Amino acid sequence: DVEDEETTGEVIKNLDVSTLYMLQVVSKPIDISLAKELKNLLFGSSLCCFSEEWKIQSFTFNNIPQLKYGIVQKKGGPCGVLAAVQACVLQQLIFGDSNRNKDSRCLQPSEVHRTKCLSMAIADILWRAGGNEKAIVALPSGRQQFTPIGKYKADGILETLILHSATRYEDLTVFLQQNIHQFEIGPYGCILLTVSVILSRSINLVRNDFDVLTNRLIGSHGYCTQELVNLLLTGKAVSNVFNNVIELDSGNGNITILKGITSRSDIGLLSLFEHYDVCQVGCYLKTPKYPIWLVCSESHFSVLFCLEKDLLGDWKTEQRFDLYYYDGLANQEEEIRLTVDTTQMCAEDKENDLTPPLEHCIRTK
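Just so we're clear, the structure is a prediction, and the values are computed from it rather than from any experiment.

Let us look at the packing of helix 8 (residues 189–201) against helix 10 (residues 226–234). Between helix 8 and helix 10, the shortest axis-to-axis distance is 11 Å and the interhelical angle comes to 75°. Considering their axes alone, helix 8 and helix 10 lie roughly perpendicular with respect to each other. Along its contact with helix 8, which presents L193, T194, V197, I198 and R201, the element helix 10 presents L228, L231 and L232. Among the residues making up the contact of helix 8 with helix 10, the classes are represented as six nonpolar, one polar and one charged.

Okay, here's the thing in structure tokens:
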């Protein structure tokens, strides 16, 4: 009798998600021409494959009590994808149910709640890339969907994908909640999200976003390029971090257009490159809608965030506030909280500079 009761409960639980809600998701297998195009866009060649660092990476959460909100990175490489997803998870965790300022209890979610925040974060990333009208979720089937031939090197992942298309946001969120274990537990969560965000935007649009058509989304040493980070944060794989576009006269009446960020982003970006005058981050990324920033420093991406939504619009809050810092690769064992006091002046000594890179990044803001 007890077993029967458990079974009934399970049926009702499943009914709640799928049967009572008619899911409109269209599924089709990947083919070799699409797999080739994906590899060319990712690596610049259909003969390249994902590195081991990518193959073992999913969006698995931290078990340290103070860092339960954090996603753990196993090895270097896909940090841009992980930091972007981490930032979007924090947006859901801290500001998902209201825009009010929060206390730090929101950073100690239950396992169920943080998994839900992960599925909502992925839904937002894909829906944004699909222009708020469609999304594609790529999931492995466990068997090859085509026979790898010609100029194509099999990697055991792309060949197995089934592509699930949704044209309603509600369908996307329910479908992701049903399949979130593929992203959280994996083993290929990071690759699945990367492929899904490209296909949601479409291969043609991603290539048109680039300043140079031969650019790629994964660079040397398996690092994410700025284009891939921008695609995850803004839905467009543009090559730059300044606002809008810059037109350069390249002589003979030719104009080169450099594409940047076209509107205020939900999540921001601060870069050590700006401290060294290599680039300038525009206000669309520097002053995002939520006080959460990716930090680009020394070929690595991590996350900086604040619990106070008012930080971006209230000068009194801006005078003194706390920032939290999280780096999924650093084997962090406790919360890192920094207090920023903008009323205090600090002299810069560029000759004998012992200032930590993170502080340089914060000062660019």
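From this point, the narrative continues.
What follows concerns the pattern of salt bridges. Following the criterion strictly, the structure yields six salt bridges and no others. As a salt-bridge pair, R128 and D266 come within 3.5 Å of each other at their nearest N and O atoms. Residue R128 is located in helix 5 (residues 111–129), and its partner D266 is located in the loop between strand 5 (255–259) and strand 6 (268–271); the two are separated by 138 residues in the primary sequence. Owing to a relative accessible area of 18%, R128 belongs among the buried residues under this scheme. The partner of R201 in a salt bridge is D209, and the shortest N-O contact between them spans 2.8 Å. By relative accessible area, R201 is classed as buried at 13%. Several salt bridges converge on common partners, so that one network encompasses R128, D266 and K289.

For the rest of this paragraph, the subject is the sheet that holds strand 7 (residues 292–297). The strand order across the open sheet formed by five strands is 6-7-8-9-10, and the pairing between neighbours is mixed. Each edge of the sheet is formed by a strand with only one pairing partner; in this case those strands are strand 6 and strand 10 (336–341). Neighbour to neighbour, the strand axes of the sheet diverge by 30° on average, direction disregarded. When strand 9 (residues 320–326) meets strand 10, the two strands line up antiparallel, connected through six bridges. Residue pairing in the sheet places R320 in a bridge with D341 of strand 10. Against the sheet, helix 4 (residues 79–95) contacts strand 7, strand 8 (300–305) and strand 9, and its axis sits at roughly 15° relative to strand 8.

Structurally, Q92 can be placed in helix 4. Judged by relative accessible area, Q92 falls into the buried class, the value being 16%. A polar contact of 3.0 Å, which involves the side chain of Q92, links it to the side chain of D124. Not counting residues up to four positions away in its chain, the partners in contact with Q92 are C117, M120, A121 and D124.

As defined by bridge partners, strand 4 (residues 245–249) adjoins strand 5 across five bridges and the pair is classed as antiparallel. Residue pairing in the sheet places V245 in a bridge with K259 of strand 5. Taken together, strand 4 and the strand that follows it, strand 5, pair antiparallel across an intervening segment of five residues, in which G251 is found at a positive phi of about 85°.

For the rest of this paragraph, the subject is the environment of S297. Locating S297 in the fold gives a position in strand 7. The exposure class assigned to S297 is buried, which follows from its relative accessible area of 13%. S297 sits 27 residues away from L270 along the chain, and the two C-alpha atoms are 8.6 Å apart.

We now examine the packing of aromatic side chains. Counted under the stated rule, the structure contains eight aromatic pairs. Judged by centre distance (5.6 Å) and plane angle (65°), the ring pair of Y69 and Y326 falls under edge-to-face. A residue pair is termed long-range when its members are at least 10 positions apart, and Y69 in the loop between helix 3 (52–55) and helix 4 and Y326 in strand 9 qualify at 257 residues. In terms of burial, Y69 and Y326 fall into one category: buried. Their ring planes at 65° and their centres at 5.8 Å tell us that W127 and Y169 sit as a pair that is edge-to-face. Remark: Y169 occurs in helix 6 (residues 169–179) and W127 occurs in helix 5; sequence separation between them is 42 residues. Each residue in the set Y69, F305, Y324 and Y326 is aromatic and connected to the rest through ring pairs, giving one cluster. Geometry around Y290 places K309 over its ring, the cationic atom sitting 5.0 Å from the centre.

Reading the values: the criteria
- Residues numbered from 1 in each chain as written.
- Predicted model: local features only at pLDDT ≥ 70, side-chain atom pairs only at ≥ 80, totals over all residues.
- Heavy atoms only, no water.
- Axes fitted to C-alpha atoms, helices over the stretch in contact; angles between N-to-C directions.
- Helix = DSSP H or I, 4+ residues; strand = E, 2+ residues; numbered from the N terminus.
- Parallel < 35°, antiparallel > 145°, perpendicular 65-115°, else oblique.
- Contact = heavy atoms within 4.5 Å.
- Nonpolar A, V, L, I, M, F, W, Y, C, P; charged D, E, K, R; others polar.
- Salt bridge = Lys/Arg side-chain N within 4 Å of Asp/Glu carboxyl O.
- Buried < 20%, exposed > 50% of the residue type's maximum accessible area, 1.4 Å probe, protein only.
- Pairing = 2+ DSSP bridges.
- Polar contact = N/O pair within 3.5 Å; in protein donor to acceptor, adjacent residues only side chain to side chain.
- Phe/Tyr/Trp six-rings, centres within 6.5 Å; stacked < 30°, edge-to-face > 60°.
- Lys NZ or Arg CZ within 6 Å of the ring centre and 35° of its normal.

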